[in-house]
Amino acid sequence: MTDTVIEAQGLRRGYDGGFEAVRGVSFSVARGEVFALLGTNGAGKTSTVELLEGLAAPSEGRVRVFGLDPYTSRDRVRPRTGVMLQEGGFPSDLSVAETVRMWAGLTTGARPAGEVLDLVGLGARSSVRVKQLSGGERRRLDLALALLGRPEVLFLDEPTTGMDPEGRRDTWALVRELRAQGTTVLLTTHYLEEAEELADRLAILHEGELVLSGTPAEVTATRPARIRFTLPDGVPAARLPLALRAAAFGQRVEIRTERLQADLTELLGWARESGVVLDGLDARSASLEEAFLEIAESRRSAGGRTEDTMAGTR
């Protein structure tokens, strides 16, 4: 993955009234990579993706897809990309197969309708009218249309919203398969588990700014791990080794640490020597959700524009 396929440098996007949704965002995406854009509601994810898709020109900065400006060279970039918007607008009285065939008529080198519907698990629903589909099935149809032209780059904006757990897992498997075939995928999602499962790298946006990027492991490594357990009655938290003193709620103890292995080893050694059973012992590195929430909270506490409530919980 040495080829840069998507490049954003100093992107800014303003709207009427002076509101700036994207403020100096820079990142790149390599060929065959799955890259996730995360953020709270209103963080600027969709505004950024629309610039990459060529739906609008940036107020400032530079966008390149395949080395081309996707806005001014849309006729050269668009046939090589697939776009799954947050919500598609389909004629409700057409069947699923009719909708795909209609879209295929506007797509260069389109896959056969049956093939693309089987890819997204809608093969058995091809004769059903669009208005009879569930919300999750409509998202699958959105994905089918994005895949019609065998895109080299696939933009997925909240791809699994409304899907049931089975549909979400099937979509993840399809994204992995596409990646293995060399497709570059840029996705936005509010499901942090989805980003952890799929993304090679990710970036977190907050109030239009990119505040952290890296692999999921690199992002979570910026936050402390935790150890939780319950002490037996009659064993106060004050008996713990001094280095392990932490927040205690009655007998329930939580230790936040940046040296998980060393502190866990010390804790278990103390418990063995003291004959203490640590009930419900749970030790783990920080999750992406914890890192995300802490970033959002710290930025909110530091001031700035009013932010919507967090939508990134699982």
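Every value quoted in this text rests on a predicted model; they were computed, and no experiment measured them.

Participant: Would you take a moment to explain the overall build of the chain for this structure?
Facilitator: Helix and strand counts for the chain stand at 10 helices and 13 strands. Counting only C-alpha atoms and orienting by the principal axes, one finds that the chain spans roughly 75 × 45 × 40 Å. For the chain, buried positions account for 46% of its 314 residues. Once local pairs closer than 6 in sequence are excluded, the contacts in the chain between residues at least 24 apart make up 68%. Accessible surface, the chain as shown: approximately 14,900 Å² in total, 47% of it carbon and sulfur. Treating the 39 positive side-chain charges of the chain as one cloud and the 46 negative ones as another, the clouds have centres 1 Å apart.

Participant: Teacher, can you tell me more about the sheet that holds strand β9 (residues 209-214) here?
Facilitator: What holds strands together in a sheet is hydrogen bonding between their backbones, with the strands either parallel or antiparallel. If you walk across this open sheet you meet the six strands as β5-β6-β7-β3-β8-β9, and the pairing is mixed. Of all strands in the sheet, those with a lone pairing partner are β5 (81-84) and β9, marking the two edges. The sheet shows a mean angle of 15 degrees between the axes of neighbouring strands, direction not considered. Alignment of strand β3 (residues 34-39) against strand β8 (residues 201-206), held across five bridges, turns out to be parallel.

Participant: What is the right way to look at the packing of aromatic side chains in this model?
Facilitator: For any two aromatic rings, the description comes down to two numbers: the centre-to-centre distance and the angle of the planes. If you walk through the whole model with that rule in mind, you get two aromatic pairs. Note on Phe27 and Phe35: the rings are 5.1 Å apart at their centroids and 10 degrees apart in plane angle, and the pair reads as stacked. Exposure class is identical for Phe27 and Phe35. Each is buried. Of note, Arg80 hangs over the ring of Phe66, and the distance from its end group to the ring centre comes to 3.8 Å.

Participant: Help me understand the environment of Pro91, please; the structure alone is not making it clear to me.
Facilitator: Note that Pro91 resides in the loop between β5 and α3 (96-104). For Pro91 and Glu207, which are 116 residues apart along the polypeptide, the C-alpha to C-alpha distance reads 35 Å. Not counting the four nearest positions on each side in its chain, Pro91 is found in contact with Met102 and Val130.

Participant: Please clarify how unusual backbone geometry should be interpreted in this entry.
Facilitator: The bulk of non-glycine residues show a negative phi, and the bulk of peptide bonds are trans. If you check the backbone angles, Glu158 has positive phi at about 55 degrees while not being a glycine. Tracing the backbone through its elements, the reader meets Glu158 in the loop between β6 (153-157) and α6 (165-180). We classify Glu158 as buried; its relative accessible area is 8%. Phi at Glu207 takes a positive value of approximately 50 degrees, unusual for a residue other than glycine. Its place among the elements puts Glu207 in the loop between β8 and β9.

Cut-offs applied
- Residues numbered from 1 in each chain as written.
- Predicted model: local features only at pLDDT ≥ 70, side-chain atom pairs only at ≥ 80, totals over all residues.
- Heavy atoms only, no water.
- Helix = DSSP H or I, 4+ residues; strand = E, 2+ residues; numbered from the N terminus.
- Buried < 20%, exposed > 50% of the residue type's maximum accessible area, 1.4 Å probe, protein only.
- Contact = heavy atoms within 4.5 Å.
- Areas by Shrake-Rupley, 256 points an atom, 1.4 Å probe, with all protein chains shown as cover.
- Lys, Arg positive; Asp, Glu negative; His and termini not counted.
- Charge placed at Lys NZ, Arg CZ, Asp CG, Glu CD.
- Pairing = 2+ DSSP bridges.
- Axes fitted to C-alpha atoms, helices over the stretch in contact; angles between N-to-C directions.
- Phe/Tyr/Trp six-rings, centres within 6.5 Å; stacked < 30°, edge-to-face > 60°.
- Lys NZ or Arg CZ within 6 Å of the ring centre and 35° of its normal.

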